[in-house]
Amino acid sequence: MGDEPFISLRNVRKTYPTDTGEFLAVSDVTMDVREGEMVSLVGPSGCGKTTILKILAGLHAVDGGSISIGNARTQFDPGRDVGMVFQQPLLLKWRTVIDNVLLPAEIVGLPIKAARTRACDLLNLVGLSGQEDKYPQQLSGGMQQRAAIARALIHDPKLILMDEPFGALDALTREQMNLEMLRIWHESGKTIILVTHSIQEAVFLGSHCAVLSAGPARMAECFPILLPYPRALPIKTTDEFGVYARRIYASLGLTGAS
């Protein structure tokens, strides 16, 4: 991880036009992310987390403040350097697993032979080796999401944006996917911004955690999570883990005090 920020948001503001004027989705977000970090983005429903992801993906311009992605060492092209994973896998049911993974490579025009080799390597990375020729409906929900992660990595993006990627999975599958996500992040070395409503997931996965206030989004705080890697599920029962979880609860005003 370098010292120079890879992503820098300064007082970012975003509004949407409505029939009665405008809707303020993001009011004031300031955050730095360095290369190779995995930042958990936590906040109440409707607070603007997905809007921030869309801004980072280059899908929305900001209405105030500034955003920069890339630095002197790493140039950034949002058209090629972003991979996205959503809550639903959004796999095309008429394409095999490997052909779903190859879709971004086809869109950006990568040489297909090399891309197919990389797709096989990525399917091995996410634990789907041997499933290349199956169709999405033949896979479990967790396996479909693994394929979606491989698809997000196929064009070797510099930034992975994940919007509640495990929110639709059952609790046990979600725990397993959390472990897999840490392994994939470690092996790929990608910079990841992960939106989650789960405070435990935010602490378990994140090298850093950014907490947003109720909408419109305002940065309540952003702090490192100094738990050692590799992390295993029993770390969730430790006092050190609880300190970070309680810090997030307090930032969200969820302490239970009247």
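Everything below is about the structure shown above.
Nothing here was measured: the structure is a model prediction, and the numbers come from that model. (Residues numbered from 1 in each chain as written. Predicted model: local features only at pLDDT ≥ 70, side-chain atom pairs only at ≥ 80, totals over all residues. Heavy atoms only, no water.)

1. Focus on the pattern of salt bridges
Condition: The term salt bridge refers to a pairing of a side-chain nitrogen on Lys or Arg with a carboxyl oxygen on Asp or Glu at a separation within 4 Å. Helix numbers and strand numbers start at the N terminus; a helix is a DSSP run of H or I with at least 4 residues, a strand a run of E with at least 2. For every residue, the accessible area obtained with a 1.4 Å probe (protein chains only) is divided by the maximum for its type, and the residue is called buried under 20%, exposed over 50%, and partly exposed between those limits.
One pass over the full model with this rule turns up 15 salt bridges. Between aspartate 156 and lysine 190 there is a salt bridge, with the nearest N and O atoms lying 2.5 Å from each other. Taken as a pair, aspartate 156 in the loop between helix H4 (141–153) and strand S6 (159–163) and lysine 190 in the loop between helix H5 (171–188) and strand S7 (191–196) lie far apart in primary sequence, 34 residues in all. Taking the relative accessible area as the measure of exposure, aspartate 156 reaches 44% and is therefore partly exposed. For lysine 190, a relative accessible area of 10% translates into the label buried. Linking glutamate 201 and arginine 174 is a salt bridge whose minimum nitrogen-to-oxygen distance equals 2.9 Å. Taken as a pair, glutamate 201 in helix H6 (residues 199–205) and arginine 174 in helix H5 lie far apart in primary sequence, 27 residues in all. Assigned by exposure class, glutamate 201 and arginine 174 land together as buried. The structure contains a network of salt bridges with shared partners spanning Arg146, Glu180, Arg183 and Glu187.

2. Considering the packing of helix H2 (residues 97–108) against H4
The line we're drawing: Here the axes come from fitting lines to C-alpha atoms, over the contacting stretch only for helices, and the angles between their N-to-C directions go from 0 to 180 degrees. Crossing handedness: left-handed means the near helix sits turned counterclockwise from the far one by under a right angle, and right-handed means the same turn made clockwise. Whether two residues are in contact is decided by their heavy atoms: any pair within 4.5 Å suffices. As a working rule, the residues Ala, Val, Leu, Ile, Met, Phe, Trp, Tyr, Cys and Pro are called nonpolar, Asp, Glu, Lys and Arg charged, and the rest polar, with Gly in that last group.
Two elements in contact, H2 and H4, have axes whose closest approach is 7 Å; the angle formed by their N-to-C orientations is 35°. As for how H2 packs across H4, the hand of that crossing is right-handed. Two secondary-structure elements touch here, H2 through Val97, Asn100, Val101 and Pro104 and H4 through Ala147, Ala150 and Arg151. When its residues are assigned to classes, the contact of H2 with H4 shows five nonpolar, one polar and one charged.

3. Digging into the environment of glycine 48
One can find glycine 48 in the loop between strand S3 (38–42) and helix H1 (49–56). Judged by relative accessible area, glycine 48 falls into the buried class, the value being 10%. In this structure, the C-alpha to C-alpha distance between glycine 48 and leucine 212, residues 164 residues apart in sequence, is 8.3 Å. Ignoring sequence-local partners within four residues, the contact set of glycine 48 consists of Ala25, Val26 and Ala217.

4. Regarding the side chain of glutamine 145
The residue glutamine 145 is located in helix H4 in this model. With a relative accessible area of 1%, glutamine 145 lands in the buried category. The contacts of glutamine 145, once residues within four sequence positions are left out, are Val85, Phe86, Gln87, Gln88, Pro89, Pro165 and Phe166.

5. Let's talk about the layout of surface pockets
What counts, and what does not: Grid points spaced at 1 Å over the protein atoms alone were grouped into cavities, where a 1.4 Å probe fits but cannot get out, and pockets, open sets with protein on both sides within 12 Å along at least five of seven lines, with lining residues defined by an atom within 4 Å of a point. Grid points are joined across faces, edges and corners, and a volume is the space filled by probe spheres set on the points.
One number sums up the size of the largest pocket: a volume of about 410 Å³. Taken together, 17 residues line the largest pocket, and the ones lying closest to its centre are Val82, Gly83, Met84, Pro104 and His155. Put simply, the parts of the chain that give the lining of the largest pocket at least two residues each are strand S5 (82–85), H2 and H4. Per-element tally for the lining of the largest pocket: the top contributor is H2, with four residues. Residue composition of the lining of the largest pocket, by class: 13 nonpolar, three polar and one charged.

6. Some points on the sheet that holds S3
The condition is simple: Two strands are said to pair when DSSP picks up at least two bridges between them.
Spatially, nine strands are ordered S4-S1-S2-S9-S8-S3-S7-S6-S5 in an open sheet, and the strand pairing comes out mixed. Pairing within the sheet leaves two strands with one partner each, and these edge strands are strand S4 (64–69) and S5. Shown here is a sheet whose adjacent strand axes are inclined to one another by a mean of 20°, direction ignored. Judged from the two bridges that link them, strand S2 (residues 21–33) and strand S9 (residues 217–224) form a sheet pairing that is parallel. Each bridged residue has a counterpart across the sheet, and for aspartate 28 the counterpart in S9 is arginine 218. Against the sheet, H5 contacts S3, S6 and S7, and its axis sits at roughly 160° relative to S7.

Purely geometric stuff here, so don't read any function into it on its own.
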